Amino acid sequence: MMDHPYMMIGYWSPWHWIAFVVFAALVLYPIGRILARIGYSPFWSILAFVPLANLLGLWIVALGEWPRHGPRSP
């Protein structure tokens, strides 16, 4: 029934990797920008791909102290 090589578990074509890299960039870049703006390291955005750690990170950001800035001057 599943004797085709492309249906085997563990087979990843180059298109799978390209799709993964594009998806990762679309998720990690905006999360990293948001974290940098509120004073956290953008590298914490990697937690978005770790189950349960992403929820913990979201709660830390939501309940943590955010820097308060006045209006920006040009």
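You'll find the structure just up there.
Cut-off values and rules
Residues numbered from 1 in each chain as written. Predicted model: local features only at pLDDT ≥ 70, side-chain atom pairs only at ≥ 80, totals over all residues. Heavy atoms only, no water. Helix = DSSP H or I, 4+ residues; strand = E, 2+ residues; numbered from the N terminus. Buried < 20%, exposed > 50% of the residue type's maximum accessible area, 1.4 Å probe, protein only. Areas by Shrake-Rupley, 256 points an atom, 1.4 Å probe, with all protein chains shown as cover. Phe/Tyr/Trp six-rings, centres within 6.5 Å; stacked < 30°, edge-to-face > 60°. 1 Å grid on protein atoms, 1.4 Å probe; cavity = no way out; pocket = protein on both sides within 12 Å on 5 of 7 lines; lining within 4 Å. Points joined across faces, edges and corners; volume = space filled by probe spheres on them. Nonpolar A, V, L, I, M, F, W, Y, C, P; charged D, E, K, R; others polar. Contact = heavy atoms within 4.5 Å. Expected span 1.5 Å × (residues − 1).

Participant: What should I look at first to understand the overall build of the protein chain in this one?
Facilitator: Along its length, the protein chain carries two helices and zero strands. Within the span of the protein chain, comprising 74 residues, buried residues form 11% of the whole. Summed over its atoms, the accessible surface of the protein chain is roughly 6,900 Å², and 74% of this surface lies on carbon and sulfur atoms.

Participant: Explanation requested: the packing of aromatic side chains in the structure shown.
Facilitator: Each aromatic ring pair is specified by the distance between its two centres and by the angle formed by the two planes. Taken as a whole and assessed by the stated rule, the structure comprises three aromatic pairs. Ring geometry for Phe-20 versus Phe-49: centroids 6.4 Å apart, planes at 50°, classification tilted. Taken as a pair, Phe-20 in helix α1 (residues 14-37) and Phe-49 in the loop between α1 and α2 (53-63) lie far apart in primary sequence, 29 residues in all. Judged by relative accessible area, Phe-49 falls into the partly exposed class, the value being 35%. Centroid distance Phe-23 to Phe-49: 6.1 Å. Interplanar angle 65°. Geometry classified as edge-to-face. Of this pair, Phe-23 sits in helix α1 while Phe-49 is found in the loop between α1 and α2, placing the two residues 26 residues apart along the sequence.

Participant: Would you take a moment to explain the layout of surface pockets for this structure?
Facilitator: Picture a little ball the size of a water molecule; that probe, rolled over the atoms, points out where space is still empty. Computed from the structure, the largest pocket encloses a volume of approximately 360 Å³. Top element by residues in the lining of the largest pocket is α2. It accounts for five residues. Here the lining of the largest pocket is composed, by residue class, of ten nonpolar, three polar and no charged.

Participant: I keep staring at the environment of Gly-32 and nothing clicks. Help me out?
Facilitator: Inspection of the secondary structure puts Gly-32 in helix α1. Residue Gly-32 is classed as buried on the basis of its relative accessible area, which comes to 8%. In this structure, the C-alpha to C-alpha distance between Gly-32 and Trp-44, residues twelve residues apart in sequence, is 7.3 Å. Those residues within four positions of Gly-32 in sequence are excluded, and the remaining contacts are Pro-42 and Ser-45.

Participant: Can you help me understand α1 in this one?
Facilitator: Residues that lie three or four places apart on an α-helix share one face, since the helix turns once every 3.6 residues. Taking 1.5 Å per residue, 24 residues should reach 34 Å; α1 reaches 35 Å between its end C-alpha atoms and fits that length. Those residues of α1 not exposed but buried are Ala-24, Gly-32 and Leu-35. If you follow the buried residues of α1, they end up packed against α2. Just downstream of α1 lies Gly-39, where phi reads positive at about 100°.

Participant: Just to check I follow, could you spell out the side chain of Ser-45 for this structure?
Facilitator: Tracing the chain through its elements places Ser-45 in the loop between α1 and α2. Owing to a relative accessible area of 7%, Ser-45 belongs among the buried residues under this scheme. Ignoring anything within four residues of it in the chain, the contact list for Ser-45 reads Leu-28, Ile-31, Gly-32 and Leu-35.

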